[in-house]
Amino acid sequence: MKVYTLVVELGRKAGDGLPKGATGAGLVCYAAGKDEGEAVRETVAILKQADMAPLDVTGYGTLEERLAEGHEIDDDERALMDRALAENAVIIAQMTPWFRDEADPDAMIH
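Residues numbered from 1 in each chain as written. Predicted model: local features only at pLDDT ≥ 70, side-chain atom pairs only at ≥ 80, totals over all residues. Heavy atoms only, no water.

Caption draft 1: Looking closely at the side chain of T43. Positionally, T43 belongs in helix α1 (residues 36-49). Judged by its relative accessible area of 0%, T43 falls in the buried class. The residues touching T43, leaving out its near neighbours within four places in the chain, are L6, V8, C29, A31 and V90. (Helix = DSSP H or I, 4+ residues; strand = E, 2+ residues; numbered from the N terminus. Buried < 20%, exposed > 50% of the residue type's maximum accessible area, 1.4 Å probe, protein only. Contact = heavy atoms within 4.5 Å.)

Caption draft 2: Quick peek at helix α3 (residues 75-87). If you check α3, its first and last C-alpha atoms are 18 Å apart, about what 13 residues at 1.5 Å a residue would give, namely 18 Å. Regarding α3, the residues found buried are E77, M81 and A84. Taken around the axis of α3, the buried residues stretch over an arc of 60°, which confines them to a single face. Turned more than 90 degrees off the buried face of α3, the exposed positions are D75, D76, D82 and A86. Two or three places before D76, at the opening of α3, D74 has a side-chain oxygen 3.1 Å from that residue's backbone nitrogen. (Expected span 1.5 Å × (residues − 1). Arc of directions from axis to C-beta. Polar contact = N/O pair within 3.5 Å; in protein donor to acceptor, adjacent residues only side chain to side chain.)

Caption draft 3: Fine view of the confidence of the model for the protein. Per-residue pLDDT for the protein averages 92, and the proportion of residues at 70 or more is 91%. Averaged pLDDT values over the elements of the protein bottom out at 55 in strand β5 (residues 104-109) and peak at 98 in strand β1 (residues 2-11). (pLDDT = per-residue confidence, 0-100.)

Caption draft 4: Looking closely at α1. With 14 residues, α1 should cover 20 Å at 1.5 Å per step; its first-to-last C-alpha distance of 20 Å lies within 8% of that length. When α1 is considered as a whole, its buried residues turn out to be A39, T43 and L47. Down the axis of α1, the buried side of the element spans an arc of 60°, and every buried residue falls inside it. Away from its buried face by more than 90 degrees, α1 exposes R41, K48 and Q49. Structurally, the start of α1 carries an N-cap: the backbone nitrogen of G37 is 3.2 Å from a side-chain oxygen of D35. Just downstream of α1, D51 is the residue with a positive phi angle, here 60°.

Caption draft 5: Quick look at the pattern of salt bridges. Applying the stated criterion across every chain, the model contains three salt bridges. Put simply, R12 and D16 hold a salt bridge, and the shortest N to O gap is 2.8 Å. For D16, a relative accessible area of 6% translates into the label buried. Here R83 ties to E87 by a salt bridge, and the two come within 3.2 Å at their closest N and O atoms. Here R83 and its partner E87 are both found in helix α3, four residues apart, which amounts to about one turn of the helix. With a relative accessible area of 46%, E87 lands in the partly exposed category. (Salt bridge = Lys/Arg side-chain N within 4 Å of Asp/Glu carboxyl O.)

Caption draft 6: Expanded view of a negative patch on the surface. A grouping of D35, E36, E64, E65 and E69 is seen on the molecular surface, where their side chains present a negatively charged patch. If you trace the backbone, E69 turns up in the loop between α2 (63-68) and α3. Overall, E69 belongs to the exposed group, its relative accessible area being 57%. (Patch = residues over 30% accessible without salt bridge, like charges linked within 9 Å, V, L, I, M, F, W, Y side chains within 5 Å. Areas by Shrake-Rupley, 256 points an atom, 1.4 Å probe, with all protein chains shown as cover. Lys, Arg positive; Asp, Glu negative; His and termini not counted. Charge placed at Lys NZ, Arg CZ, Asp CG, Glu CD.)

Written as structure tokens, this is what we have:
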């Protein structure tokens, strides 16, 4: 098993728990899996069980792959990755809700 860093784009769904007025959100997740495909499938399944609406998932690889690409990974992030591996879990590390800019309806603000 390895841990993969995933960024998930969410749409809206009744009961999703996102703030009122949000048009969706972005999640940073750490997910355990035998490969990235499994990590993505498990993450999407868990988010759907939580009444969320995943639209797109972007994978950023394992810890080793990210370090090889020059990403800086702090101790807190490593601890969350370790937890995902130890618990064979999906850890949501960050959620950023998106809101529509009233002055420019085509633009999104975070």
